[in-house]
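Chain by chain, the residues run as shown.
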Amino acid sequence: MSDTASDILIAGGGIGGLTLALALHARGLPCRVYEAAPEFQPLGVGINMLPHAIRELTALGLQAALESHGVEAREFAYFNRHGQSVFAEPCGRFAGYDYPHFSIHRADLHQVLFDAAIDRLGPGAVHLGHRCVAVEQDAAGVKLLFEGAAPATGAVAVGADGFHSAVRRQLHPAEGEPHFGGINMWRGVTRRQPFLTGASVTRVGTVARGKMVIYPIRRYDDGTQLINWVTEQPTDTQKPNDWATPGRVEDFIGPFADWRFDWLDIPALIADAEFVLEYPMVDRDPIRRWSFGRVTLLGDAAHPMYPRGGNGGAQAILDAEALARLLAGLDDPRAALKAYEDERRDIANEIVLTNREQPPDHIIEIVESLTGGEPFDRIEDVIDPAELAAISDRYKQIARYSLDAVAD
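Bear in mind that the values here come from a model prediction, so they are computed numbers and not experimental data.

Q: I'd love a proper account of the packing of aromatic side chains, names of residues and values included.
A: Summed over all chains, the structure comprises twelve aromatic pairs. Geometrically, the ring pair formed by Tyr395 and Tyr401 is edge-to-face, given 6.3 Å between the ring centres and 65° between the ring planes. Classification of Tyr395 by relative accessible area gives buried; the value is 3%. Under the relative-accessibility criterion, Tyr401 is labelled buried at 5%. The side chain of Arg289 reaches across the aromatic face of Phe292, ending 4.0 Å from its centre.

The following block contains the structure:
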């Protein structure tokens, strides 16, 4: 694709940047993607793509490809640290949505998006080895500046360059350090036989005494699955903010050493992991402005949030849909960027704050406090399950994936 003044320039070729490119192309708007990595290397572990995100990816013709890679989730299941069921509810199409909920390896999701972008926009539209370091603009257009590469010019620049966004840093130079929640995460993947329904997104325990989120993200012909798991534990020491940092089992296994439940042996799951990664629970305080003239932010560059509730990648996808729709519908790109910010900012910022204090697994926290962390005979004797369902429903409303919101 030629370097034309009408092109929309996207700094960042992750989930948000590639989805935006596909959404713009679907509306006939020319764009180019500039990614810092010198080659495409799908990385990461598991991610949940809930119906509000799949609705947008389906509109882009990607549902079949996602289904071929991931696992269609059937339920959310919550357990205390003794392995007792606290609450369960169906999800995705099993809960009446028009769209599925896919649990998928982030690398597979990224590959689907990348392949679609290359196929539809052409290989010349995705530029690797272009690390954005700054953006310039005037009344006529924008210019992206890169480390060791020639600049690019266009009509609009979108900072989709992730948690460490150079574009955000330029737009908000006085912003402080990331917000550290006093929690560390260890993540891994383990190939094994299915557990529970074979499609359960499972949350177990509480942060204070050891918490895990466990779900399958790939299927294999021999009947096994690749199981994604993540632990959260309180800590006073903030580790490097890098998803690729290797972790050590001995640093976190303590609370889980005896978690051998009739539905899953947690120590064995951890011991058999293909790898372990370590990462601090960090986000950034919400900002009140994303758009400045012909420049705006998207995804983690705009609203980095704790990886809870399946909303990090999902909100980037929703950003992309809204921004592409408004750029296609309004003649003045500056007005489109402002309208995009007005539509998306408060929604995303509320999720950032909710993920800190009352994510979906707040359900387990409440039961833990009522039981003193001890086993119970019947959950109905502890709390009315309808109260737990109401907590889940409130989060869906805030994150905009209630049945009504997704159907709109």
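Q: For the sheet that holds strand β10 (residues 142-146), give the residues involved together with the corresponding values.
A: Spatially, β9-β10-β11 is the arrangement adopted by the three strands of the open sheet, whose pairing is antiparallel. The strands lining the two open edges of the sheet, one partner per strand, are β9 (132-137) and β11 (149-154). Averaged over all pairs of adjacent strands, the angle between their axes in this sheet comes to 20°, without regard to strand direction. Relative to β11, β10 runs antiparallel, the two being bridged by four bridges.

Q: Explain the nonpolar core to me, and be specific about the residues and the numbers.
A: Ranked by size, the top nonpolar core spans 66 residues in total, and within it Leu20, Met49, Leu57, Leu109 and Leu144 carry the most contacts. When residues in this core are grouped by element, the largest group, eight residues, is from helix α7 (residues 312-329). Once residues lying within four places of it in the same chain are set aside, the contact partners of Leu57 are Thr19, Met49, Leu62, Gln63, Leu66, Leu109, Leu113 and Ile317. Grouped together as the second largest cluster of nonpolar side chains are 40 residues, Ala73, Tyr78, Cys91 and Ile183 included.

Q: Hey, could you go over the pairing of strand β7 (residues 102-105) for me, with residue numbers and the actual values?
A: Put simply, side chains in a regular strand alternate between the two faces of the sheet. Of the two faces of β7, the one carrying Phe102 and Ile104 and the one carrying Ser103 and His105 are both buried. Both strand β4 (residues 71-72) and β7 contribute to a ladder of two bridges, which runs antiparallel. When the bridges of β7 are listed, Val71 appears paired with Ser103.

Q: So what's going on with the sheet that holds β4? Residues and values would help.
A: Within the open sheet, the three strands sit side by side as β3-β7-β4. Their pairing is antiparallel. Every other strand in the sheet has two partners, leaving β3 (46-49) and β4 as the edge strands with one partner each.

Q: Let's hear about unusual backbone geometry: which residues, and what values?
A: Phi is positive for Leu196, close to 50°, though the residue is something other than glycine. The residue Leu196 is located in the loop between β13 (179-192) and β14 (200-206) in this model. On the accessibility criterion, Leu196 (38% relative accessible area) is partly exposed. Located in the positive-phi region is Arg400, a residue other than glycine, with phi close to 65°. Classification of Arg400 as partly exposed rests on a relative accessible area of 34%.

Q: Can you tell me about the pattern of salt bridges, naming the residues and giving the values?
A: A side chain of one charge can pair with a side chain of the opposite charge if their charged atoms are brought near each other. For the structure on display, the rule yields 31 salt bridges. The closest approach of N and O atoms between Glu368 and Arg81, which form a salt bridge, is 3.9 Å. Residue Glu368 is found in helix α9 (residues 362-371), and its partner Arg81 is found in the loop between β5 (75-79) and β6 (85-90); the two are separated by 287 residues along the sequence. Each member of the pair Glu368 and Arg81 is classed as buried. Taking the shortest distance from any N to any O, the salt bridge between Glu89 and Lys396 comes out at 3.1 Å. With Glu89 in strand β6 and Lys396 in helix α10 (residues 385-399), this pair connects stretches of sequence that are 307 residues apart.

The rules behind the values
Residues numbered from 1 in each chain as written. Predicted model: local features only at pLDDT ≥ 70, side-chain atom pairs only at ≥ 80, totals over all residues. Heavy atoms only, no water. Phe/Tyr/Trp six-rings, centres within 6.5 Å; stacked < 30°, edge-to-face > 60°. Buried < 20%, exposed > 50% of the residue type's maximum accessible area, 1.4 Å probe, protein only. Lys NZ or Arg CZ within 6 Å of the ring centre and 35° of its normal. Pairing = 2+ DSSP bridges. Helix = DSSP H or I, 4+ residues; strand = E, 2+ residues; numbered from the N terminus. Axes fitted to C-alpha atoms, helices over the stretch in contact; angles between N-to-C directions. Core = buried A, V, L, I, M, F, W, Y, C linked by side-chain atoms within 4.5 Å. Contact = heavy atoms within 4.5 Å. Salt bridge = Lys/Arg side-chain N within 4 Å of Asp/Glu carboxyl O.

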